[in-house]
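What follows is the residue order along each chain.
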Amino acid sequence: MYFENVTLDKLGIIVQLGHRPGTVCMNPKQFRSFFTVLSVNGIHRVNLRFCNCRYTNASEQERNFDYNRQLLEVGWWPSTNTEPQSTATIDLLRLFRLLNVNGALAASEFYRSL
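What you are looking at is a predicted structure, and each value in this text was computed from that prediction instead of being measured. (Residues numbered from 1 in each chain as written. Predicted model: local features only at pLDDT ≥ 70, side-chain atom pairs only at ≥ 80, totals over all residues. Heavy atoms only, no water.)

(A) Representation of the overall build of the protein within the structure. A count of helices and strands for the protein gives three helices and five strands. If you list the helices and strands of the protein from N to C, you get β-β-β-α-β-β-α-α. Considering only contacts within the protein whose residues lie at least 6 apart along the sequence, 47% involve residues at least 24 apart. Element-wise, carbon and sulfur atoms account for 55% of the exposed surface of the protein, whose accessible area totals about 8,000 Å². (Helix = DSSP H or I, 4+ residues; strand = E, 2+ residues; numbered from the N terminus. Contact = heavy atoms within 4.5 Å. Areas by Shrake-Rupley, 256 points an atom, 1.4 Å probe, with all protein chains shown as cover.)

(B) Highlighting the environment of Ile-13. Checked against the element boundaries, Ile-13 lands in the segment before β1 (14–16). Residue classification places Ile-13 among the partly exposed positions, given a relative accessible area of 37%. Through-space distance from the C-alpha of Ile-13 to that of Leu-48 is 8.8 Å; in sequence the pair is 35 residues apart. Other than its neighbours up to four places away in sequence, Ile-13 contacts Leu-8 and Asn-47. (Buried < 20%, exposed > 50% of the residue type's maximum accessible area, 1.4 Å probe, protein only.)

Purely geometric numbers; function is a separate question.
Put into C-alpha cells, the structure is as follows:
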C-alpha cells in the first residue's frame, strides 16, 4: 500500500567482501552488527563481513591492512586505518570534490544534503 523507509541491514542484506559476488567465504569475520556507507544516493546501514581466509594467523596490523584493502576493492574509502565503522564510496568523494571546488560547497552542507 505504501513505501516504508527501512535500512538495508533490517532487510537482512549482508555485504561479503573479499570474494566474487555469488561465492561463499568459508571463514567470514562479522565486523560490525551495522556498518555505515555514505553514497551518492544517501546514507546506508549494512551488515558487513570481511574475508578472513588468508589471515587467520596474521597479526592484527596485517588483518587491518587487508580489511581496508577489501573495502577499497569495492570502491569504499575507509574512514580510519584501524577498524572503521563507516566508509564513503569513491563516487561520493568525487562528487564532493567537484561541488566543493567548483561551487565552494562546505562539507557540512554536502553531508546535510545526503
